[in-house]
Amino acid sequence: MTKTYLSVLKQIDSLKQEAERLRRQEVDGVIERIRSAIEHYGLTAADLGLAGARTPAKPVAAKKTRRGRKPAKAAALAVRYRDDQGRSWVGRGKRPQWLRDALAAGKKLEDFAVK
């Protein structure tokens with residue numbers, strides 16, 4: 001017997017319903033085990049970090065470097081080169097096109113240095 005598209009969709013729907021039913025059963029079991037542990041150990045909502053459960057979530061911590069320190073904030077870099085039209089470059093990274101064009105036209109890098 002060959003399967004049709006419609007029969008496969010019905011099978012998918014049936015499997016989704018079965019998966020949801022199994023998930024609910026598992027969740028019920030987990031909840032029962034949690035309740036049992038809470039009762040056994042006498043835990044409170046505060047012990048579980050649930051006191052005031054309606055409070056907004058804490059902000060995500062800043063990303064840390066490999067050594068466990070927070071990365072330094074990028075400092076504003078001073079402009080080192082500027083042309084007559086006000087275009088500038090801090091001297092880091094790839095040279096901007098306006099500066100490359102000027103250097104190709106015979107100017108020197110020192111001509112654009114900010115003093």
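Source: prediction; values computed, not measured.

Considering the overall build of the chain
Right, so step 1: Along its length, the chain carries two helices and two strands.
Right, so step 2: Each helix (α) and strand (β) of the chain, taken in turn from the N terminus, gives the series α-β-β-α.
Right, so step 3: A burial count over the chain gives 8% of its 115 residues as buried.
Right, so step 4: For the chain, the proportion of contacts with a sequence separation of at least 24, taken over those separated by at least 6, is 22%.
Right, so step 5: For the chain, the accessible surface area stands at approximately 10,900 Å², while carbon and sulfur atoms represent 54% of it.

Remarks on helix α1 (residues 5–41)
Right, so step 1: Here α1 spans 53 Å end to end across 37 residues, near enough to the 54 Å set by a 1.5 Å rise per residue.
Right, so step 2: Among the residues trailing α1, Gly42 stands out with phi positive, at a value near 65°.

A short note on helix α2 (residues 97–104)
Right, so step 1: Taken together, the buried positions of α2 are occupied by Trp98, Leu99 and Ala102. Mapping the buried residues of α2 onto a view down its axis gives an arc of 95°, with all of them on the same face.
Right, so step 2: If you follow the buried residues of α2, they end up packed against β1 (81–82) and β2 (88–89).
Right, so step 3: Positioned one or two residues after α2, Gly106 has a phi angle of 110°, which is positive.

Remarks on the side chain of Asp83
Right, so step 1: Mapped onto the fold, Asp83 is located in the loop between β1 and β2.
Right, so step 2: Assessed through its relative accessible area of 10%, Asp83 is described here as buried.
Right, so step 3: A distance of 3.2 Å separates a polar side-chain atom of Asp83 from the backbone nitrogen of Gln85.
Right, so step 4: A polar atom in the side chain of Asp83 sits 3.1 Å from the backbone nitrogen of Gly86.
Right, so step 5: Among residues more than four places away in sequence, those in contact with Asp83 are Trp98 and Phe112.

Observations concerning the nonpolar core
Right, so step 1: Formed by Tyr81, Trp89, Trp98, Leu99, Ala102, Leu109 and Phe112, the largest nonpolar core amounts to seven residues.
Right, so step 2: Ranked by the residues each element gives to this core, the list is headed by α2, at three residues.
Right, so step 3: Residues within four places of Leu99 in sequence aside, it is in contact with Trp89, Leu109 and Phe112.

Calculation criteria
Residues numbered from 1 in each chain as written. Predicted model: local features only at pLDDT ≥ 70, side-chain atom pairs only at ≥ 80, totals over all residues. Heavy atoms only, no water. Helix = DSSP H or I, 4+ residues; strand = E, 2+ residues; numbered from the N terminus. Buried < 20%, exposed > 50% of the residue type's maximum accessible area, 1.4 Å probe, protein only. Contact = heavy atoms within 4.5 Å. Areas by Shrake-Rupley, 256 points an atom, 1.4 Å probe, with all protein chains shown as cover. Expected span 1.5 Å × (residues − 1). Arc of directions from axis to C-beta. Polar contact = N/O pair within 3.5 Å; in protein donor to acceptor, adjacent residues only side chain to side chain. Core = buried A, V, L, I, M, F, W, Y, C linked by side-chain atoms within 4.5 Å.

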